[in-house]
Amino acid sequence: MRKILLVDDEEGIQLLYQEEFQDEGYEVISAFTGEEALEKFKSEVPDLVILDIQMPGMNGIEVLRQMKMIAPQLPIILSTAYHEYTQDLSAWASDEFIVKSPDMLKLKEAVRKYLG
Amino acid sequence: MPELRKDPVLGRWIIIAQERAKRPTDFVVAEAPSMGGFCPLCPGNENTTPPEVLAYGRSYGAPANTPGWLVRVVPNKYPALVIEGNLDRQAEGLYDKMNGIGAHEVVIESPRHEDIFARLPLSHMAVIFQAFRSRIHDLERDPRFLYVLVFKNYGRAAGASLEHSHSQLVALPILPRMIVSELQGTLEYYKYKERCIYCDIIRQEIQQKVRVVCQNDLFITMTPFAPRTPFEMWILPKQHESGYHNHNDEQLASLADIFSETLRRLDACIPGVPYNFVLHTQPLRTENMKHFHWHFEIVPKLTSIAGFEWGSGFYINPMAPEEAALYLRESLEKGPQEARP
């Protein structure tokens, strides 16, 4: 089963995304902070990461740059409510930039693109 | 007593608040720690950027989008405006709107992550200026675009989101308000005096010597009479020319020479100061304009814009440009501590 590391500090988002992606046949591992995400990134070796940007402590951009240092080819999707982060060139390290939406259509499409 | 000063081109007023006068060392530049980690602009990571539209320095026959480049231009991966589509201009009652069409490109100025633009070898900096010229020429062929805005944000406080040295170009389907105002202001002066106002400014500044920072055979750097911020500087060609993209390689080498000296003087006054520079040039597909004179404006990020500035359109500047020019002239010799007017 393909494994997704889901990084988001909001419990509601975690619950919703977990349910949706488990229904699609993926294993979902949760991390609520950037620090926890980096630990699980190393220990769990996911196939794809969905990464929020605004989080307490390390933000998603910092986490992204650390993860890409470790595994440059591993797909990472930035998923945020704030479109303005597209102006941050560090976001280019991500494979997709998706603005959160209630129907999750674009996010699901992006996950399928990388994991099938 | 504070002084109100009027910009002769734009008619914009600013306040020189002399009682708030400062020395360069009084400006505190907060050091932004480097984020570290993976850099999408570094060589070897070409696959994280969109395919390049221009590159210099790679050996002949080497494939595109591989390491070996000196300067590389790529479309913005997440652009503010998109290249595909029609403008589809529309009115919504009295309001105008159109599709967000444009070209948003990033000039990666060096393969070395730690390089600083101001300290690049002159021959390298000249290649960056050639890249600006080449992209303006290319984007000019697209009839949807009226203007190419070239700018650089240096330092996080000035808007740079990534420490790897880069600048940006945005081709726009409309003329920026600032350029429209400059075109109007310069045309008004030309109709009255039949001379380019910037040529007159250069002549007067060379004569008066109080706001000139440095010069070479082809270019001059000066602090403007009514600057928005301390140490604001303009770099202008001494010979009249309205279009940046009309300059040849030799002239751009001379531009690199003055640009490098200008930024090194600024850095010697206030080490690590964040700044923006913006190219002001003629609109695309226009003949050489007798009234307009292309130039770069360098605006250090040393003051903040608050309610007064938003409400009045005036800027409050705590340092007179004559004083700033003196500090800048002495800076390379004396450094930030000893320079005194």
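Residues numbered from 1 in each chain as written. Chains lettered and ligands numbered in written order. Predicted model: local features only at pLDDT ≥ 70, side-chain atom pairs only at ≥ 80, totals over all residues.

**Re the overall build of chain B**
Check the secondary structure of chain B and you find 6 helices and 15 strands. Against the globule reference of 20 Å for 341 residues, chain B gives a C-alpha radius of gyration of 20 Å, in line with a compact fold. In terms of principal-axis extent, the alpha carbons of chain B reach across some 60 × 50 × 40 Å. Sorting the 341 residues of chain B into buried and exposed places 39% on the buried side. For chain B, restricting intrachain contacts to residue pairs at least 6 apart in sequence, the fraction spanning at least 24 positions comes to 70%. (Helix = DSSP H or I, 4+ residues; strand = E, 2+ residues; numbered from the N terminus. Rg over C-alpha atoms; globule rule 2.2 N^0.38 Å. Buried ≥ 20, exposed ≤ 12 C-beta atoms within 10 Å, placed from the backbone. Contact = placed C-beta atoms within 7 Å.)

**A short note on the overall build of chain A**
Along chain A, the regular secondary structure elements total 4 helices and 5 strands. Reading chain A from its N terminus to its C terminus gives the helix and strand order β-α-β-α-β-α-β-β-α. Rg of the C-alpha trace for chain A: 13 Å, near the compact-globule value of 13 Å for 116 residues, within the 12% margin. Its C-alpha atoms give chain A principal-axis dimensions of roughly 35 × 30 × 25 Å. Here chain A holds 116 residues, and 35% of them are scored as buried. Considering only residue pairs separated by 6 or more positions, chain A has 58% of its internal contacts joining residues 24 or more positions apart.

**Details of the confidence of the model for chain A**
Summing up the model confidence of chain A, the mean pLDDT is 95 and the portion of residues at 70 or higher is 100%. By mean pLDDT, strand β5 (residues 96-99) of chain A is the weakest element of chain A at 94, and strand β3 (residues 48-51) of chain A is the strongest at 98. (pLDDT = per-residue confidence, 0-100.)

**Section: the interface of chain A and chain B**
Contacts between the two partners involve 15 residues from chain A and, on the opposite side, 14 residues from chain B. Per-class residue counts for the side of chain A that touches chain B are 7 nonpolar, 4 polar and 4 charged. (Nonpolar A, V, L, I, M, F, W, Y, C, P; charged D, E, K, R; others polar.)

**A look at the sheet that holds strand β2 (residues 13-16) of chain B**
Residues and elements named next belong to chain B. Across the sheet, 3 strands lie side by side as β1-β2-β15; this open sheet has mixed pairing. If you trace the sheet from one side to the other, it starts and ends with β1 (3-6) and β15 (315-317), each paired once. Recorded for the sheet is a direction-independent mean angle of 30 degrees between the axes of neighbouring strands. As paired strands, β1 and β2 are joined by 4 bridges and run antiparallel to one another. By the bridge assignment, K6 is partnered in β2 with W13. (Pairing = 2+ DSSP bridges. Axes fitted to C-alpha atoms, helices over the stretch in contact; angles between N-to-C directions.)

**What to know about the packing of helix α2 (residues 34-44) of chain A against helix α3 (residues 60-70) of chain A**
All names here are of chain A. In the contact formed by α2 and α3, the axes pass within 10 Å of each other and the chain directions differ by 15 degrees. Judged on the interaxial angle alone, α3 and α2 are roughly parallel. Of the two possible hands of crossing, α2 and α3 adopt the one that is right-handed. Where α2 abuts α3, its residues G34, A37, L38 and F41 lie against G60, E62, V63, Q66, M67 and I70. (Parallel < 35°, antiparallel > 145°, perpendicular 65-115°, else oblique. Left-handed = near helix turned anticlockwise from the far one by under 90°.)

**What about the sheet that holds β5(A)?**
Residue and element names in this part refer to chain A. With parallel pairing, 5 strands are arranged side by side in an open sheet as β2-β1-β3-β4-β5. Each end of this open sheet is capped by a strand with a single partner; those strands are β2 (27-31) and β5. On average, each strand axis in the sheet is inclined to that of its neighbour by 20 degrees, with strand direction left out of account. On top of the sheet, α3 reaches β1 (3-7), β3 and β4 (76-80); it is set at about 180 degrees to β4, its chief contact.

**A closer look at the environment of A:I50**
All names here are of chain A. Secondary-structure assignment places I50 in strand β3. Classification of I50 by C-beta neighbours within 10 Å gives buried; the count is 24. With 34 residues separating them in the primary sequence, I50 and L16 have C-alpha atoms 13 Å apart.

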